[in-house]
Structures are given as C-alpha cells and as structure tokens.
Amino acid sequence: MDLCHRLRDAAKPYWDASVNHRFVDQLLAGDIADEVFGRYLVQDFRFCDTFVRLLGAAVCAADDPEARLTHARQLSVLAGGEYRYFIDSFEALNIPESQWKNPTLSEPTQAFIALMEKACDSQDYALMLVVLVVAEWLYLEWAQRAGNTLPPRPEHRDWIVLHNEPDFVRWVGFLCNELNRVGAERDFETLREPFVEACQIEQRFFDMAFDGMR
Ligand SMILES: Cc1ncc(C[n+]2csc(CCO)c2C)c(N)n1
C-alpha cells in the first residue's frame, strides 16, 4: 500500500465520518438548510484565504520545478473560479459582505488555520503536502459520492462539481504522488500525526455548520 493510503487508513474513523457526514448527504440531495450551508461557506471562505498562503508556501518549498508550476497553476484556480463561486453564493444566499468579510472564526476554522500556518512556517514541503492532501483528497472523495442527478441550485451543484471535475481529479492525483515521493524517506509517525489531526478538523468543520441546529 502506498504512503497516502497508509495515512488514510490511520485516520479512517475521521475520514469516513467526514466523507459520509450528514452535511454531504444533504448537500448532494440539495436539501441542506440555507442557514447551515451559509454558516459553512462563510467559515470556509476564511479557511481558503489561509489555504492560498499554504499553496504559496508550497510553491516556495517544492523541490522540483514542474511541481512548483503545478502548485502555481492551482493558485489561479483559487483566485479565479473558486473566489467567484464564493462571491456568487454569498449573493444567492443573501449573505451581506459585512457578514462574510470579517466573521468570528469557529473553533475548527481556527484549528485549521493554525495547522496550515504551522505547515507554512515549517518550510517543510512534506508537512505542507500532508495538509494539502487531506484537504483536497477528502473533498474529492465526498464529491465522488454524487450520482448523475445533481441538485438544481447553482450554489449546491457548483460546490460538488468544483470537487469532482477532471482537473480536480488530476490535481489530487498530483498531490498524492508528491507526498508518496517526498514522504518516502520520512518517519511515518511524523506524517501520521498531522494527517490524522487534519482529518479530525475536517469532521468538526462539517459539524460546525450545524451549530445551533438540532
Ligand atoms: C474545510 C475545507 N477543507 C478542504 C477544502 C477543499 N479545498 C480547499 S481550497 C480548494 C480549492 C482547490 O484547490 C479546495 C477544493 C475546503 N474547501 N474546505
């Protein structure tokens, strides 16, 4: 089994709980409450801001010229389509700028930002890849649960398609290959610990969307 699959196995309870979370069930069905989805998106917009910094750090830390360019290209996805998605969805959900610009950060948002900042500060490419792989591969897995019929509202449908379209599948494949490559010489435990922590936070991030709901 390759390194990425061994890491995923080590985090199986949190990984599976996230991929099969009721948030995902309701999003795929298109019947997620606006309050729940809006709370999630406002926090995720802050998450994505730090994610941009992490990708920038990966551009800097990657040991291979081709890999640097692949990370740089993905930055343009975040700055382009992904940013547009958030702005359009805030409008569709009637969330004013005053609410999404400077929200109070939830506990899992803070925890994720701290983990990403730690990876940035470490200048350790393998550690950055661990966080990137969890964030992207786990999202690919839940989005691949979607069948042929997607929910009708663009803010639901586009959030699924962003995470299962062919370019995204290739990006996740690249990240996993990179981690398998640069992590091969590393002590498994030093990668397992942040991988499992990131999966635990992913689960709490979905939980957070339902805070204050039944
Ligand atoms: C909590 C949380 N975890 C992972 C992702 C996935 N993700 C983060 S940035 C990005 C853009 C493409 O690289 C994607 C897909 C998310 N949005 N929110």
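Residues numbered from 1 in each chain as written. Predicted model: local features only at pLDDT ≥ 70, side-chain atom pairs only at ≥ 80, totals over all residues. Heavy atoms only, no water.

1. A look at the nonpolar core
In plain terms, the rule: Within this scheme, the nonpolar core is defined by two criteria: the residues are buried Ala, Val, Leu, Ile, Met, Phe, Trp, Tyr or Cys, and they are joined through side-chain atoms within 4.5 Å. Only protein chains enter the area calculation, which uses a 1.4 Å probe; residues under 20% of their type maximum are buried, those over 50% are exposed, and those in between are partly exposed. Per the convention used, a helix needs a DSSP run of H or I reaching at least four residues, while a strand needs a run of E reaching at least two, with both numbered from the N terminus. In what follows, residue pairs with any heavy atoms lying within 4.5 Å of each other are defined as contacts.
Membership of the largest hydrophobic core comes to 79 residues, with the highest contact counts inside it found for F23, F37, Y40, W142, W159 and F195. In terms of residues, this core owes the most to one element, helix α8 (residues 125-143), which gives 17 residues. For W142, the contacting residues outside a window of four places in its chain are V19, V24, L27, L28, W159, I160, H163 and F206.

2. Focus: the UniProt feature "active site" (unreviewed entry) in the protein
Quick reminder of the rule: UniProt positions are given in the numbering used here, feature names are shortened, and annotations may be inferred rather than shown by experiment.
Look at the UniProt record and you will see "active site" (unreviewed entry) annotated at E202. Within the fold, E202 resides in helix α11 (residues 188-209). Take E202: its relative accessible area is 2%, and that puts it in the buried class.

3. Looking at unusual backbone geometry
Phi is positive for N94, which is not a glycine, with a value near 60°. On the secondary structure map, N94 appears in the loop between α5 (65-92) and α6 (97-100). The backbone of Q123 sits at a positive phi, close to 55°, despite the residue not being glycine. Residue position: Q123 is located in the loop between α7 (107-122) and α8. For Q123, a relative accessible area of 65% gives the class exposed.

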